[in-house]
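Inside the fold
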Amino acid sequence: MATFKYKILEFKPDQKMEKAFNDLGKEGWELIAVTPIGLSVRGEFDSSMGGIGTGETDGQFDKIAAYFKKAV
């Protein structure tokens, strides 16, 4: 049965990660997933209409994680 070790690399959405991913691949690391992990949300809420509220929200991802594995 194969045994693996794992590495998690966090980065900002605007970072160029191609070189880092290629370097890890040359070292034998296999990319298995990329997912957003940090989210900033801003919003406004107004409940001045007798208990019925309205509002707006927006947000953006702050951090992304790339998950790698390597056979040991």
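In what follows, the structure referred to is the one given above.
First things first, this report covers the structure right here in the doc.

Now for the overall build of the protein. Counting secondary structure elements, the protein contains one helix and three strands. Ordered by position from N to C terminus, the α and β elements of the protein give β-α-β-β. For the protein, the C-alpha radius of gyration of 20 Å lies well beyond 11 Å, the compact-globule estimate for 72 residues. On the principal axes, the C-alpha backbone points of the protein span a range of 65 × 30 × 10 Å.

A cluster of nonpolar side chains, contributed by Phe4, Tyr6 and Ile32, occupies part of the molecular surface with about 310 Å² of accessible area. Counting through the fold element by element, Ile32 comes out in strand S2 (residues 30-49).

With respect to the helices, strands and loops of the structure, Pro13 is situated in the loop between strand S1 (4-11) and helix H1 (18-26). Look at Pro13 and you get partly exposed, because its relative accessible area is 42%. Between the C-alpha atoms of Pro13 and Pro36, which are 23 residues apart in sequence, the distance is 8.6 Å. Every residue in contact with Pro13, bar those within four places of it in the chain, is listed here: Phe61, Asp62, Lys63 and Ile64.

What follows is about the nonpolar core. Counting residues in each nonpolar core, the largest one holds seven residues, listed as Phe11, Met17, Leu24, Trp29, Ile64, Ala66 and Phe68. If we ignore the near neighbours within four places in the chain, the residues touching Trp29 are Lys5, Tyr6, Lys7, Leu24, Phe68, Lys69 and Lys70.

All right, on to the packing of aromatic side chains then. Under the defined criterion, the tally for this structure stands at three aromatic pairs. Between Phe11 and Phe21, the ring centres sit 5.9 Å apart and the planes meet at 75°, which makes this aromatic pair edge-to-face. Here the residue Phe11 occupies a position in strand S1, and Phe21 occupies one in helix H1, the gap between them amounting to 10 residues. The class of Phe11 is buried, set by a relative accessible area of 8%. In this structure Phe21 comes out as partly exposed when scored by relative accessible area, which is 21%. Judged by centre distance (5.5 Å) and plane angle (70°), the rings of Phe21 and Phe68 are edge-to-face. With Phe21 in helix H1 and Phe68 in strand S3 (residues 52-71), the pair connects residues that are 47 residues apart, well separated along the chain. What makes Phe68 buried here is its relative accessible area of 1%. Among the aromatic residues, those joined into a ring-pair cluster are Phe11, Phe21 and Phe68. Above the ring of Phe4, the side-chain terminus of Lys69 is found at 4.4 Å from the ring centroid.

Basis of the calculations
Residues numbered from 1 in each chain as written. Predicted model: local features only at pLDDT ≥ 70, side-chain atom pairs only at ≥ 80, totals over all residues. Heavy atoms only, no water. Helix = DSSP H or I, 4+ residues; strand = E, 2+ residues; numbered from the N terminus. Rg over C-alpha atoms; globule rule 2.2 N^0.38 Å. Patch = residues over 30% accessible without salt bridge, like charges linked within 9 Å, V, L, I, M, F, W, Y side chains within 5 Å. Areas by Shrake-Rupley, 256 points an atom, 1.4 Å probe, with all protein chains shown as cover. Salt bridge = Lys/Arg side-chain N within 4 Å of Asp/Glu carboxyl O. Buried < 20%, exposed > 50% of the residue type's maximum accessible area, 1.4 Å probe, protein only. Contact = heavy atoms within 4.5 Å. Core = buried A, V, L, I, M, F, W, Y, C linked by side-chain atoms within 4.5 Å. Phe/Tyr/Trp six-rings, centres within 6.5 Å; stacked < 30°, edge-to-face > 60°. Lys NZ or Arg CZ within 6 Å of the ring centre and 35° of its normal.

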